[in-house]
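Residue strings, one per chain:
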Amino acid sequence: MSHYCTAEELEQLSAARESIYAFTGQAFSKEADERLWQAVEDIAAAHTESNSDASGGFARLARYAARCEDAPLTELAVDYAATFLGIGPRHDGAFPYESVYTSDEKLLKQEAFDEMNAVLRSKRIALAIDMVSDEDHVSTELALLARYAHDVHRLLGKGDTDGAWSVESERIGFLLGHAMRWIPDFCADVKRCAKTDFYRAIADIASDFLMLDASIVEGEPQATPSKAGAA
Amino acid sequence: MNAVSRRSFVKAMAASGALATAAALGYEAWKPFTALAADDAGSAQTEGETQVIRSACRNCYGRCTINGIVKNGRLVRVEGRPGTYSEGTICSRAFAIPQLVNSPLRVRYPMKRVGERGEGKWERITWDEAWDIIIPKFKEVIEQYGGHTILANNGTGRDQLNISVLQKCFYDMGSVGGFGVGSICKIAGDFVQKTTIGNPCQFTGWNPEDTNLIVMWARGMFSWGYYDWIYIKKALDRGAKLMVVDPRHTAAAAKSTMWVPIRPGSDMALILAIINEMISSGRFDKDFATKWTNSSFLLNDETGLLLRESDLADGGSKDKIAYWDEGTGSVQFWDTVDLAWSVDDPKPALLGSYDVEGIERRTSLQKLADAAAEWTVEKTAETTWLTTDQVKDAIELYIESSPGTCFTRGQKTDFSDNSSSVSHAFTIMMALAGNYEIPGGNSVKPGTSTKGSALFDAVPPKSAVRQEIEANIDDYSMCPGKAQVYGIRDGVYSAATHALTTGKPFQPRIYWGMNCEPIISCADSLEVAEGLKNIDFSVNVNLLMSPSAELADIVLPAAHQNEIDRIEYPQSGHCWPANHTATIRQPFTEPQGECRDEVDILFDLASRLDIDMTWKDKYDWFNFALKATGMTFEEFREAGEFVDEITYGKHEKGLLRKDMKPGFETKTGKVNIFSEELQRFGWGGIPGYREQPQSPFSDPDLAQEYPYVMLTGGRNHQYFHSEYRESAYMRSIRPFPVVEINPETAHENGVEEGDWVCIETTMGSIKQVAHLTEGIDARVVHCDHDWWFPEKGAQDGLHGAFDSNPNAIIDNDKVFDPAVGTDNFSSMCRIHKSPDGPPEGIFTTPEELSAFLSNGQEDQQ
């Protein structure tokens, strides 16, 4: 069967997906802490050295980090609360839940919440992200994309190419059936509402990578998690 | 891989390359998921299952019984529940429960303010961190300034259990109150009724079954608890009549037999006119008046109180009240301890004055008759802006229908300089007409055998600090010597407001706000906001960020009322059988985020301050409260409801008093036509008319410049005071505050339907949208109350708190009943078309109004 890329390319892509989705998933999951900020400084330094992609999210992140002498944790916590928790100077925000973006009344815990619960149950896993309680939270979905990529990478490493493509097919189904359905719009709202370039940068990175991912896999058969079985 | 994908591939690799240094943030280090065990019940939990959970709505005082439809553990919708008092009826507020439960705007975590007050800068903290800030501050203030400098406010009376716990917790730390709901709501009137008839029953005691006439006085029947109409309709179909006394042609007025469009604030004139006609024509229930009221008790003009045996003879008892006995032709006594007459076959004289040791002594009823005599039909008509025919017809309908008339009123008559006297007058009007404790009248003690709300704050132990304050209340009070009849000490928000802004008589140091929005709901909103900005420390427990929450130091997340357990009690206006039913309110779902039941939060606060709350937790207390029903709370949950049958003539059967003696639970054991409590603390022992401080009659010069009476507080289907302005659903139905204007008045001021209008008082100006209606007098306008605009930022006038809210332009010093400390919700005003349209920054288009919950781009979804 023909796929959108070779097994070698899939292995490289999966590693990239795993790291990008894990990073953005953690950045959206709760307020920045010392650990995250240290990683951001490292990323910014590496980016500045490579001097690539000057207009993208990593460049914006690097510029933000460069402006900060100390870890701006309070500033980021205020921005997090205002942007994602609905607490702040505006009563609009970027609410990080698929239900909010896919329901008529823009509420928490709608059909998407049920669907995400079903996805996790089908995979026999439970949400364990600190400060994230809803299964359709953006961090849950980014974590699941990272998990798929991690499994693909692992299976390819074991030489199970068919198994890897089976998981990839399921990942594509989830990417297009859930993540792409709302996260780009969510990221657009983050860029509109956030006060700091930190969250605008994270939104840029997440959104741009999702778009890339979707464009790469275009035409590839996809499976739903329940049909594909546990990865 | 095609060319496009190839380019994307390269970009993806480049992007991820930046993360090469961030292994600590890799997927394996993160561990965002755990594996479900093979036998994990959670994996199959309720998938696809739909549960129907019985509960009650708490979005108004109606407590309609509802079912929550819960699928996969999430609330899908709410339906009315047939087979109970509310017969399956619900309104938009209940339908909107899932919207609020699942709103992403909810406060779901403890928050700490990190910017200036009102700047809107917050950060999330843990509950432990919150307590670590709160508790030391409480201890410091109690030690340094005393617990009386702590203000506590539960802003709605809909959760009586919550109020009881709040009172217990804060009174025992020494607090003397705060912005109490009482002076906003009906509780001040309740306390007057407790002193005059023993129990509040003007709102809730009515029974349309077998009635001749239903009197609804200033009450919006179709705005809260719609099911009342079911019982009214049955009565009307049977031939009963409905009289609605209201300045506005409300939905209730539209269904009435007689609409009495009284001038705002002049209610007392019509009540006294009814009383005058009853007494002067002899058409009142003399038997009830003789046996069960203190009509016959003689007055001592020297003391201003009732005449006692101790006034007449050395060694006489203070507990024995003199009356003139027509059987013996002599002074005899009513013993207020034994509840017994001094002769076997008493024949108390109701009217007249009698020579007692050389001094003429009037009976209480005679004093009332003398005072009421001036309220002729003509004078009443002139005062109330009614026609003489309307006054006559109202009087005759009431008298001819009694005994057998039931009565219910709204809170509006409490917002008066003469609130206590009006409440007293209503009691007398009903008592003299013989309308209490009979079929078709009012139950004096509506309610159930469950006692939770009445017990919590009444049961010992009381802390030593509390006992010291209660023994010396004037030393600690924010309004010493005033509002003594009001049982919640200093629950008067103008007193709290002034203390905050002036430091007199002392400076409050901590404010704990719960279920409340004093900036929006109290008169002179700007002064309230200024006061809350100045306080040392402030905690706000809330569902959503609001103007006063923006001024807090810590905001704690409250669970939604349908995420917690409660026993729901009848109160505030609803008729039989609702007023004799306790019903279950239980969770549809778990609280969102880290939200907690306010009662649990208070138990936690008390525990951390070493306050003895008597019961270990709310369930311990609920079980105790339900003892008389023979059920535990879990059994009550299963049963769903508990209904007490109506018993008539409870005063004759000893069912109204704790000692089980016949009579009423007052200091005399009778309905007090003359009230010694009100004589001591109010404007007088019998009701009398007082013109309101701001009216065309009392201040004609002001009326030259501000010619219209601004009435506020009318209810509507969408909002409950300050609530639901964030709801896209409610705002789509009633998007703007509405000012009702008579077309004649509108024409004179160049205003047309739908115009934004400036309403101006001496305090300032607000804007509302004009609705022209013949259903309001040309000299009156009615403004929607408690408006704010969540779409505006905290920095933008605390979410537009002063743009359209009439409380922003009402003087909180104009009205103060000395007995119960009521406040003001009315003013004189002028109007003109807004030169610049709506308030700046509010949502006005459908597209904008749909944006409360997300990005305002619904059409792009």
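In case you missed it, the structure is sitting above this.
Residues numbered from 1 in each chain as written. Chains lettered and ligands numbered in written order. Predicted model: local features only at pLDDT ≥ 70, side-chain atom pairs only at ≥ 80, totals over all residues.

(A) Highlighting the overall build of chain A. Looking only at helices and strands, one finds ten helices and one strand in chain A. Helices and strands in chain A line up, N terminus first, as α-α-α-α-α-α-β-α-α-α-α. Expected size for 231 residues packed as a compact globule is a radius of gyration near 17 Å; at 18 Å, chain A falls within 12% of this value. Summarising its shape, the C-alpha atoms of chain A cover approximately 50 × 45 × 30 Å along the three principal directions. Evaluated residue by residue, chain A yields a buried proportion of 58% over its 231 residues. Contacts in chain A between residues far apart in sequence, at least 24 positions, make up 68% of those at least 6 positions apart. (Helix = DSSP H or I, 4+ residues; strand = E, 2+ residues; numbered from the N terminus. Rg over C-alpha atoms; globule rule 2.2 N^0.38 Å. Buried ≥ 20, exposed ≤ 12 C-beta atoms within 10 Å, placed from the backbone. Contact = placed C-beta atoms within 7 Å.)

(B) Expanded view of helix α7 (residues 187–196) of chain B. Burial of α7 of chain B is extensive: nine of the ten residues sit out of reach of the surface. Packing partners of the buried residues in α7 of chain B comprise α16 (419–432) and α26 (676–681) of chain B.

(C) Here's a closer look at the pairing of strand β13 (residues 320–325) of chain B. All names here are of chain B. Most of β13 sits inside the fold, with six of its six residues counted as buried. The alternating pattern of β13 places K320, A322 and W324 and I321, Y323 and D325 on opposite faces, both of which are buried. Bridge analysis of β13 against strand β14 (residues 330–335) gives six bridges, and the strand direction is antiparallel. Each residue of the ladder has a partner; that of D325, found in β14, is S330. Following β13, the chain reverses through four residues before pairing antiparallel with β14; G329 in that reversal takes a positive phi of roughly 65°. (Pairing = 2+ DSSP bridges.)

(D) Structural context of unusual backbone geometry. Residue and element names in this part refer to chain B. Following S402, the chain continues to P403 via a peptide bond in cis, the omega torsion being -10°. Structurally, P403 is set in the loop between α15 (388–401) and β18 (405–409). W576 connects to P577 through a cis peptide bond whose omega is 5°. Here P577 shows up in the loop between β22 (566–568) and β23 (581–585). With a phi close to 55°, A483 is a non-glycine residue in the positive phi region. Relative to the elements of secondary structure, A483 occurs in the loop between α19 (473–476) and α20 (493–502). Take A483: there are 32 C-beta atoms within 10 Å of it, and that puts it in the buried class.

(E) Region of interest: the sheet that holds strand β21 (residues 554–557) of chain B. Residues and elements named next belong to chain B. An order of β6-β5-β21-β20-β19-β7 is seen for the six strands of this open sheet, with the pairing classed as mixed. At either margin of the open sheet sits one strand with a lone partner, and together these are β6 (122–124) and β7 (150–154). The average undirected angle you get between the axes of adjacent strands in this sheet is 15°. By the bridge criterion, five bridges tie β7 to strand β19 (residues 510–514) in an arrangement that is parallel. (Axes fitted to C-alpha atoms, helices over the stretch in contact; angles between N-to-C directions.)

(F) Region of interest: the sheet that holds strand β15 (residues 340–341) of chain B. All names here are of chain B. The three strands lie next to each other as β13-β14-β15, forming an open sheet whose pairing is antiparallel. At either end of the open sheet lies a strand with only one pairing partner, and these are β13 and β15. Taken together, the two bridges between β14 and β15 define a ladder with antiparallel strand orientation. Bridge pairing in β15 places D335 opposite A340.

(G) Representation of the nonpolar core within the structure. Formed by 324 residues in total, the largest nonpolar core has its most connected members in L145 of chain A together with L272, I275, M429 and V781 of chain B. Apart from residues no more than four positions distant in its own chain, L145 of chain A is found in contact with R17, Y21, R171, F174, L175 and A179 of chain A. (Core = buried A, V, L, I, M, F, W, Y, C linked by C-beta atoms within 7 Å.)

(H) Structural detail: the packing of helix α1 (residues 7–29) of chain A against helix α7 (residues 138–157) of chain A. All names here are of chain A. In the contact formed by α1 and α7, the axes pass within 7 Å of each other and the chain directions differ by 155°. Between α1 and α7, the angle is such that the two are roughly antiparallel. Where α1 crosses over α7, the two elements pack in a sense that is left-handed. Considering only residue class, the contact of α1 with α7 consists of 14 nonpolar, seven polar and three charged. (Parallel < 35°, antiparallel > 145°, perpendicular 65-115°, else oblique. Left-handed = near helix turned anticlockwise from the far one by under 90°. Nonpolar A, V, L, I, M, F, W, Y, C, P; charged D, E, K, R; others polar.)

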